[in-house]
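# Architecture and fold: a report
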Amino acid sequence: MADTDNIYVYESTDPKQLHNELSVTVYFNEDVELEKAITFLGSHLIEMKNEWTVDMWCTVQEED
């Protein structure tokens with residue numbers, strides 16, 4: 001994906017922010033657990049020299 005037209009760009013006003021940040025959504029099947037998702041993603045990002053964090057895990061709403 002090289003098209004940046006549909007990406008929301010936000011200029012932070014946080015004086016503590018030292019780096020640019022890129023938020024990416026990765027979709028997993030609902031049977032994948034958080035730990036396995038992090039392991040999978042980490043195995044692809046391990047070669048990067050950049051720091052990365054996981055900030056949110058959204059799950060499918062359970063039926064009552």
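Preceding block: the structure.
To start, this report covers the structure provided alongside it. (Residues numbered from 1 in each chain as written. Predicted model: local features only at pLDDT ≥ 70, side-chain atom pairs only at ≥ 80, totals over all residues. Heavy atoms only, no water.)

With that out of the way, let us pick up the packing of aromatic side chains. Scanning the entire structure with this criterion turns up two aromatic pairs. For the pair Phe 28 and Phe 40, a centre-to-centre distance of 6.0 Å together with 90° between the ring planes defines the contact as edge-to-face. Of this pair, Phe 28 sits in the segment before helix H1 (34-45) while Phe 40 sits in helix H1, placing them twelve residues apart in sequence. Here the aromatic rings of Phe 28 and Trp 57 are separated by 6.0 Å at their centres, their planes lie at 50°, and the arrangement is tilted. Here Phe 28, found in the segment before H1, pairs with Trp 57, found in the segment after H1; they are 29 residues apart in sequence, far enough to count as distant. Residue Trp 57 is classed as partly exposed on the basis of its relative accessible area of 33%. (Phe/Tyr/Trp six-rings, centres within 6.5 Å; stacked < 30°, edge-to-face > 60°. Helix = DSSP H or I, 4+ residues; strand = E, 2+ residues; numbered from the N terminus. Buried < 20%, exposed > 50% of the residue type's maximum accessible area, 1.4 Å probe, protein only.)

With that settled, consider a nonpolar patch on the surface. A cluster of nonpolar residues, Ile 38, Met 48, Trp 52 and Val 54, forms a patch on the protein surface that exposes about 310 Å² of accessible area. Position of Val 54 among the secondary structure elements: in the segment after H1. (Patch = residues over 30% accessible without salt bridge, like charges linked within 9 Å, V, L, I, M, F, W, Y side chains within 5 Å. Areas by Shrake-Rupley, 256 points an atom, 1.4 Å probe, with all protein chains shown as cover. Salt bridge = Lys/Arg side-chain N within 4 Å of Asp/Glu carboxyl O.)

Structural measurements only, silent on function.
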